[in-house]
Amino acid sequence: MRSQELRSAFVDFFVQRGHKHVPSASLIPDAMSTTLFTIAGMEQFVPAFVGDEPPPAPNVVTVQRCLRVAGAKSDIENVGRTGRHGTFLEMLGNFSFGGYYKADAIRYAWDFLTERLRLDGEKLFVTVHLSDDEAATLWHEEIGVPKHRISRFDEDNFWTMGPTGPCGPCTEIFFDTGAGNASGPDDDGPNKGTRFVEVWNLVFQQYNRTADGKLDELPRKQIDTGAGLERVLAVVNGQTSMYDTDLFTDLIQAQPAVGKTGFSPAEQHVRRNIIADHARAVTFLVNDGVYPSNTDRGYVLRFLIRRAIRNGRLLGYPNGFLTSLVPAVVASLRSGYPFLEQNVARIQQALRSEEQTFERTLDRGMQLLEHLIVEANDDCTRLISGVDAFTLHDTYGFPIELTREIAADGGVAVDTEEFERAMNEQRERARADAAAKRSIVSLAELPAVKSEFTGYDGLEAEGEIVAILKDDAPLESADAGERVQLVLDRTPFYAEKGGQIGDRGSIVFGDASFEVEDAQFLGEAIAHAGTVRTGTFTVGDVVRARVSPDWRREIRRHHTSAHLLQRALKDVLGDDVTQAGSWVGIDRMRFDFRSPSGALTAEQRRAVSERVNEMIRDDTPLVTDVLSQEEAHARGAIAMFGEKYGEKVRVVTAGPSVEFCGGTHSISTGELGMFVILNEFSIGSGIRRIESCVSLSAERYVEHQQALIAELSASLSATPEELTERIGRLQRDVKELQNAVGDLKARLAASDAQTYIDRKEEVNGKTFVGAVVHEANGEALRHLNSAIRQRLRSAVIALAGVDDGNVSLLVSASDDLVRDGVHAGNLVKLAAPLVGGKGGGQPAQAQGGGKNPQGASQAVEAIRAAVLSA
């Protein structure tokens, strides 16, 4: 049986039994999820399980793509080495939201395995929770499983998705692969070794675990099952390894021939398995809108890509091999996920960019890491410092997990605690930035409210205050001067979402007034953050909410410009351009995008700007429709990768631009007035950012530029048309003057050189020249060093330049002394701390610096002592 046959058989089996087939959700879970990636089939149904949303149907069947690389569900260490572990997997699942419970779930699972897949029932073993007598009885009395094939466990048979969320006891079905696959004499039942393979887990969801660990009863008892497609496929085909199924064999065969490698054939097979697994994972991650970065999901993607590249290098694969595997991955999964085909170019571009970035630093990083491993073994510490691991991460792009893995291959460990301390400052900045936009109030403390947004139809609305929040606590009322958040049941204020910042304005109740400084989502409620200016506001008050007209006008114009800009980029650069993010303010707009062509040329930048302004001049009315996702895609609407959309979506049409979007927009394109690109630059691997403005901001920018040009023209006595030539002439004059100054410094250094040479010291055949040079920067030291070296071929020269509170260090050693063991880089490392700095370099020449001029003499003396005492 091939993989697609199994997918179809599973879905058809449950559809015939009254289940609705729901498509797989993205690998990126809902924003309220406690997991970084989708790790289970039930994850998209969590709101239905806990009673926050109605289920899509009483009974549901899915084939859900999942990724497990971190946390309790991680299988990363075993990937490729056992036949049953992978990072990317497909989870077959049937769910019931009160429609049926244990008896039917157990019967369905048994019938599918034994009747549809024709597995030998005598080889199926089951486990149940210690407390679940009901499930044990059903297996024995209703299904006929002998008691000796029913085992009871505690934690192994209580399923949780994470630290919080739906959970409950479960029963698992195992397949006996035979005594020949046992890991030892005691491997005679489930959960004891490798002989028995888990093929299905039936979870009886009856609890919701809260943040404090408490188990609350769910509103109804429900069924959540999961069967790993890869494992089931292996069992059905009589294989002990999923890597011997069509899901992987095609990918293993598509890899390049193994080149020069020190691996045994068995280890080569393991590494090829790892690459096949990671190729599947990274292809789907990019498809679902994740791109390489140094944080969160992007960090995991980067780790998987670089781990695959490193394994490919060890097998002697050529550069770019991972990108070339994408078509094979798509071909192997096409039948289950046909949408992959339309994204091949985008996926390959993202992987190609990351491969090229990593390959540029891989060799240098590996040289450093190999040196650190040798050092750790030689000094018997068998430990790489966290500081060195951070350097590998920060300078050479080695994720800490990759460093640990390579170090372990060399028999050494990594000081991860010290690494975490080195990373803390970077992490804290990122966390602080994210926290600034996140309420510290627990959603559990808010009333179960979903604010109705009325802002599409007007700027004013009446709404009732359903909650007042201050400093992580609910209030009954708020008085003048207090900074609080007001939560309304109806509001015209747009809460920050999709890159558009929250509205500003006011809320009034009689003589009481509240200045709204921001609007943010708290769950599905909209919280208005601001200050009570006059009077008192109380929960239950029916208030009047008013959005600032000026604020909304400029916001919607800039938001509309983002739509036109994306259309213009696609028109000029091609449809491979994809949006990677945006930010919309009242005076400018940022648009991040991925483009295979890299930075915009001057001609492309001009063409993009002209295309946007052309669409503005067309003055096309904007049209907004609420459609099903299928209807929206049929119209060619562009969706943001990684965004989650409901069954119904808002589609905004602005001339040739058609996009999914829930933001606020102008009435017509002509309202934008003028579009100006302010800047265009890189913000990460393969991602470009355009900053632009329209409307009043564009007019002010043009006026400022005109004033600046007029001022420059007056100061240089040139017309605007002559400015380019006049500035070019000034730059040439400055260059000539700089060269003249350099020549003068060289002559002065040459005249001073003999003074320092006369003070040289000679001990044991070594000559040392050292000096503290005042009013000398790094460039002056280089001139002086060169002049001394011309007259003194064999010597160590150590110079400390003091200039405006800064210290520059330069040490050079002649070739004969380098052969004798002198290392200029080590000498600078020794001296730099004395001037409050750092440095290093090559054996023949090295540089450093610091901020402590008082230590300059000590630094030179330390180098002198090290050279002459050796």
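These numbers were taken from a predicted model, which means no experiment stands behind them. (Residues numbered from 1 in each chain as written. Predicted model: local features only at pLDDT ≥ 70, side-chain atom pairs only at ≥ 80, totals over all residues. Heavy atoms only, no water.)

Time to look at the sheet that holds strand S27 (residues 657-660). The three strands are arranged S25-S26-S27 in an open sheet whose pairing can be described as antiparallel. Of all the strands in the sheet, just strand S25 (623-628) and S27 have a single pairing partner and so form its edges. Averaged over all pairs of adjacent strands, the angle between their axes in this sheet comes to 25 degrees, without regard to strand direction. The sheet contact formed by strand S26 (residues 648-654) and S27 spans four bridges and is antiparallel. Bridge assignment links Thr 653 to a residue of S27, and that residue is Val 658. (Pairing = 2+ DSSP bridges. Helix = DSSP H or I, 4+ residues; strand = E, 2+ residues; numbered from the N terminus. Axes fitted to C-alpha atoms, helices over the stretch in contact; angles between N-to-C directions.)

A separate point is the packing of aromatic side chains. Applying the stated rule across the entire model yields 27 aromatic pairs. Relative to Trp 200, the ring of Phe 112 has its centre 6.0 Å away and its plane inclined at 90 degrees; by these criteria the two rings are edge-to-face. Here the residue Phe 112 occupies a position in helix H3 (residues 102-116), and Trp 200 occupies one in strand S8 (residues 196-209), the gap between them amounting to 88 residues. Aromatic side chains Tyr 317 and Phe 321 sit 5.1 Å apart centroid to centroid with 75 degrees between the ring planes, which places their arrangement in the edge-to-face category. The class of Tyr 317 is buried, set by a relative accessible area of 4%. Since its relative accessible area comes to 4%, Phe 321 is described here as buried. Connected via pairs of aromatic rings, a cluster forms that spans Phe 10, Phe 13, Phe 14, Tyr 100, Tyr 108, Phe 112 and Trp 200. When the ring centre of Phe 13 is taken as origin, the NZ or CZ atom of Arg 17, which lies over that ring, is 3.6 Å away. Sitting above the plane of the Phe 125 ring, Arg 149 keeps its charged end 5.6 Å from the centroid. (Phe/Tyr/Trp six-rings, centres within 6.5 Å; stacked < 30°, edge-to-face > 60°. Buried < 20%, exposed > 50% of the residue type's maximum accessible area, 1.4 Å probe, protein only. Lys NZ or Arg CZ within 6 Å of the ring centre and 35° of its normal.)

Another aspect to go through is the nonpolar core. A general trend in soluble globular proteins is that nonpolar side chains are found buried together. Phe 112, Leu 113, Trp 139, Ile 173, Trp 200, Leu 304 and Phe 398 are the most contacted members of the largest nonpolar core, which has 111 residues in total. Looking at this core, the element that brings in the most residues is helix H11 (residues 344-378), giving eleven residues. With sequence-adjacent residues up to four places away left out, Trp 200 is seen in contact with Phe 10, Phe 14, Asn 94, Ala 109, Phe 112, Leu 113, Thr 171, Glu 172, Ile 173, Thr 225, Gly 226 and Ala 227. Counting residues in each nonpolar core, the second largest holds 25 residues, with Leu 564, Leu 569, Leu 573 and Val 584 among its members. (Core = buried A, V, L, I, M, F, W, Y, C linked by side-chain atoms within 4.5 Å. Contact = heavy atoms within 4.5 Å.)

The next thing to look at is the sheet that holds strand S24 (residues 589-594). The strand order S23-S24-S29-S28 describes an open sheet built from four strands, whose pairing is antiparallel. Since the sheet does not close on itself, it has two edges, and those belong to strand S23 (578-584) and strand S28 (675-684), each with one partner. The mean angle between the axes of side-by-side strands here comes to 20 degrees, regardless of whether they run parallel or antiparallel. Sheet analysis places S28 next to strand S29 (residues 687-694), joined by eight bridges and oriented antiparallel. Opposite Phe 675, over in S29, you have Val 694 as the bridge partner. Packed on one face of the sheet, helix H18 (residues 695-716) meets S28 and S29 and runs near 90 degrees to S29.

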